[in-house]
Amino acid sequence: MPLAPFPHARPRRLRAEDWRRRLVRETNVTVDDLIWPIFLIEGVDRTEPIAAMPGVERMTIDVATAKVEMAARYGVPCVALFPYTEPNKKTRDCSEAWNPENLVCRAARAIKDAVPEIGVMQDVALDPYNALGHDGLVEERAGKPARILNDESVEALVKQALAQAEAGADILAPSDMMDGRVGAIRDALEADGHTDVIILSYAAKYASSFYGPFREAVGASGALKGDKKTYQMDPSNTDEALREIEGDLLEGADMVMVKPGLPYLDICRRAKEQFACPVSAYQVSGEYAMIEAAAQNGWLDRRAAALESLAAFKRAGCDAVLTYYALEAAVWLREGS
Ligand code: PBG
């Protein structure tokens with residue numbers, strides 16, 4: 001019996017030593033692929049643990065700035081800022097979202113001041129500021145489920161996006177899944193002279209159960225009434241993701257994102273093949289929590305599992321990955337793992 005379809009084929013030949021494996025490796029994760037999401041809190045020189053995300057902390061702006069400086073030294077190209085909003089700043093009109101002095105806007109200014117060489121990304125979505133926890137404005141209806149208002153939300157998102165661009169954000173990432181928001185934000189940015197601001201749209205964002213720990217991290221879990229299924233996508237769909245991505249590209253997105261990450265690599269692959277545009281994926285909080293929980297139990301090797309998961313994104317065709325491992329992975333990659 002031949003070992004393989006033709007005589008003398010021994011695929012193991014190329015796996016026999018590290019140098020051979022490196023020589024034929026098809027994809028490599030590098031620090032250039034990483035976007036680091038961080039959580040911010042008010043105050044000075046303080047951090048807070050996030051129970052469902054061991055190893056991740058909410059940080060005050062000064063602490064975050066120092067950490068971002070370190071990330072830049074390791075070559076991480078971009079950080080994404082997420083605010084923990086005090087409950088008294090959450091309202092139904094979500095007006096804190098476009099307050100130029102809100103936590104993320106102050107953080108963006110501080111970070112761009114101290115570390116101008118790193119890219120700063122901000123989510124455009126109302127959920128951190130919404131008393132009802134949704135990404136859009138909510139119309140409550142007696143006896144019926146609340147309605148998430150599309151066009152009114154887009155107007156609010158545009159105001160938020162302009163405040164963030166004004167504060168120095170390099171990348172705006174609409175994560176709300178309202179229809180038409182990318183085009184509206186792009187028009188407003190052009191009109192206001194923010195022609196270099198990148199739009200990285202959360203184009204194919206699923207109504208996923210993997211966001212649980214994040215909602216704790218930003219203090220939105222208590223606030224959220226109902227679920228996000230009327231605007232985030234049904235996890236069973238694929239073609240719909242491609243239509244969402246195409247729409248966002250036509251409206252002016254420069255890059256698109258698939259979210260969550262690992263459970264949705266098929267979507268990343270199809271997006272890359274169909275649109276040949278920069279595709280990113282978000283290894284979300286629940287994915288991070290799964291690896292951490294298993295590692296804490298001694299059930300898997302934390303560092304190896306984290307790096308393998310990042311390699312999977314590259315294999316699926318992603319250009320960039322948002323990952324809570326970004327800073328650590330940058331250190332690991334420099335050490336040569
Ligand atoms: C908010 C937003 C969410 C995430 C990023 N931006 C949560 C949600 O849509 O409910 C999730 C990120 C993560 O889970 O790590 N629009």
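Model, not experiment: these values are computed from the prediction. (Residues numbered from 1 in each chain as written. Predicted model: local features only at pLDDT ≥ 70, side-chain atom pairs only at ≥ 80, totals over all residues. Heavy atoms only, no water.)

Novice: Break down the site of the ligand for me, with residues and values.
Specialist: As a structural note, the neighbourhood of the ligand is formed by 18 residues, with K205, K228, K259, S285 and Y324 the closest of them. K205 places a polar side-chain atom, nitrogen or oxygen, 2.7 Å from an oxygen atom of the ligand. Within the side chain of Q232, a nitrogen or oxygen atom sits 3.0 Å from an oxygen atom of the ligand. In the shell around the ligand, the residues fall into 8 nonpolar, 3 polar and 7 charged. (Near = heavy atom within 4 Å. Polar contact = N/O pair within 3.5 Å; in protein donor to acceptor, adjacent residues only side chain to side chain. Nonpolar A, V, L, I, M, F, W, Y, C, P; charged D, E, K, R; others polar.)

Novice: Hey, could you go over helix α3 (residues 103-114) for me, with residue numbers and the actual values?
Specialist: Helical geometry: 3.6 residues make up each α-helical turn, so side chains three or four residues apart lie on a common side. Between its first and last C-alpha, α3 extends 16 Å over 12 residues, near the 16 Å set by a 1.5 Å rise per residue. L103, V104, C105, A107, A108 and I111 are the residues of α3 that are buried. Where the residues of α3 are buried, they touch β1 (34-40), α2 (61-73), β4 (78-83), β5 (119-124) and α4 (150-166). (Helix = DSSP H or I, 4+ residues; strand = E, 2+ residues; numbered from the N terminus. Expected span 1.5 Å × (residues − 1). Buried < 20%, exposed > 50% of the residue type's maximum accessible area, 1.4 Å probe, protein only. Contact = heavy atoms within 4.5 Å.)

Novice: Describe the environment of D239, listing the residues and the values that go with them.
Specialist: With respect to the helices and strands, D239 occurs in helix α7 (residues 239-251). Distance in space between the C-alpha atoms of D239 and R269 is 12 Å, their sequence separation being 30 residues. A polar contact of 3.0 Å, which involves the side chain of D239, links it to the side chain of R270.

Novice: So, the nonpolar core: which residues are in play, and what are the values?
Specialist: The biggest cluster of nonpolar side chains holds 114 residues, and the ones touching the most others in it are W36, F39, L81, M121, L172 and Y282. Looking at this core element by element, the count peaks at 7 residues for α4. Excluding anything up to four places from it in sequence, L81 contacts I38, L40, V104, A107, A108, I111, V120, M121, Q122 and D123. (Core = buried A, V, L, I, M, F, W, Y, C linked by side-chain atoms within 4.5 Å.)

Novice: Just give me the short version of the pairing of β5, but keep the residues and values in it.
Specialist: β5 sits mainly inside the fold: 6 of its 6 residues count as buried. Neither face of β5 is left uncovered, since the one carrying G119, M121 and D123 and the one carrying V120, Q122 and V124 both have all their residues buried. Relative to β5, β4 is paired through 4 bridges, and the arrangement is parallel. Residue V79 lies in a different strand from β5, and its bridge partner there is V120. Note on the crossover from β4 through α3 to β5: the handedness is right-handed. Here β5 runs beside strand β8 (residues 171-174); their pairing, made up of 4 bridges, is parallel. Across the sheet, residue D123 finds its bridge partner in β8, namely A173. (Pairing = 2+ DSSP bridges. Right-handed = clockwise from strand over helix to strand, strands pointing away.)

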